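Given next are the chains, with one letter for each unit.
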Amino acid sequence: MVAHELSGHLATINWKQLAVALAIPLVGGIGGSLATANQINTWYRGINKPSWTPPNWLFGPVWTALYAMMGLASYLVWRQGGFERQAVPLAVYGVQLVLNLLWTPLFFKAHRLDLASADIAGMLVAIVATICQFRRVIGDLALMLLLPYLAWVSYASALTFWIWRHNPTRPTRVKAY
């Protein structure tokens, strides 16, 4: 049933709009990764982490898939009238995306585990709101495309909170670019 819904939504694709919708979260995520990559082998390696921390190599493929699914979901909502008709769902999506993109520099660059924890808690609320808003527009496709994201961010939240509670927060001065 969901596959049939997806094929119906993708019957006529505007490839340029789809590319933009995919690029927004992907470029944001890649940019954050590149800006903080050196922290993985330095600061992150040295902090206390729980035994259930995933291997570092897993983050890239998981986030790439999640960002692509987010972008596809936003495209499918956009197709139903753009900002004129879908202002609220797309604005809620924008809020969760901003919170998502803020988490990486807060955690890895500024080492503000407290602020990263607050950010990811807000992100969880915003993801649930996005799923609810998108489901009104594209039905169960919103669940199929965004529940994996909610599950991963729930796990990442537990990881973030654990790391915050088991490591002293020593903010690092962030260089302005």
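An account of the accompanying structure is given in this report. (Residues numbered from 1 in each chain as written. Predicted model: local features only at pLDDT ≥ 70, side-chain atom pairs only at ≥ 80, totals over all residues. Heavy atoms only, no water.)

### Looking at the overall build of the chain
Then, number 1: A tally of regular secondary structure across the chain gives 7 helices and 0 strands.
Then, number 2: Listing the helices and strands of the chain from first to last along the sequence gives α-α-α-α-α-α-α.
Then, number 3: Every one of the 177 residues in the chain was classed for burial, and the buried ones make up 40%.
Then, number 4: For the chain, the exposed surface amounts to about 9600 Å²; the carbon and sulfur share of it is 68%. (Helix = DSSP H or I, 4+ residues; strand = E, 2+ residues; numbered from the N terminus. Buried < 20%, exposed > 50% of the residue type's maximum accessible area, 1.4 Å probe, protein only. Areas by Shrake-Rupley, 256 points an atom, 1.4 Å probe, with all protein chains shown as cover.)

### Quick notes on the nonpolar core
Then, number 1: The biggest cluster of nonpolar side chains holds 42 residues, and the ones touching the most others in it are F107, M123, F134, L146 and Y149.
Then, number 2: Taken together, the elements giving at least two residues each to this core come down to α2 (15-40), α3 (43-46), α4 (56-78), α5 (82-109), α6 (113-138) and α7 (141-165).
Then, number 3: In terms of residue count, the dominant contributor to this core is α7 (11 residues).
Then, number 4: Once you skip the residues sitting within four places of it in the chain, Y149 turns out to touch W63, L66, M70, Q96, N100, M123 and I127. (Core = buried A, V, L, I, M, F, W, Y, C linked by side-chain atoms within 4.5 Å. Contact = heavy atoms within 4.5 Å.)

### Some details on the pattern of salt bridges
Then, number 1: By the definition in use, this model includes 2 salt bridges.
Then, number 2: A salt bridge links D114 to R112, with the shortest nitrogen-to-oxygen separation between them at 2.7 Å.
Then, number 3: With its nearest N and O atoms 2.8 Å apart, the salt bridge here joins D140 to R135.
Then, number 4: Exposure remark for D140: the relative accessible area of 26% places this residue in the partly exposed category.
Then, number 5: Take R135: its relative accessible area is 42%, and that puts it in the partly exposed class. (Salt bridge = Lys/Arg side-chain N within 4 Å of Asp/Glu carboxyl O.)

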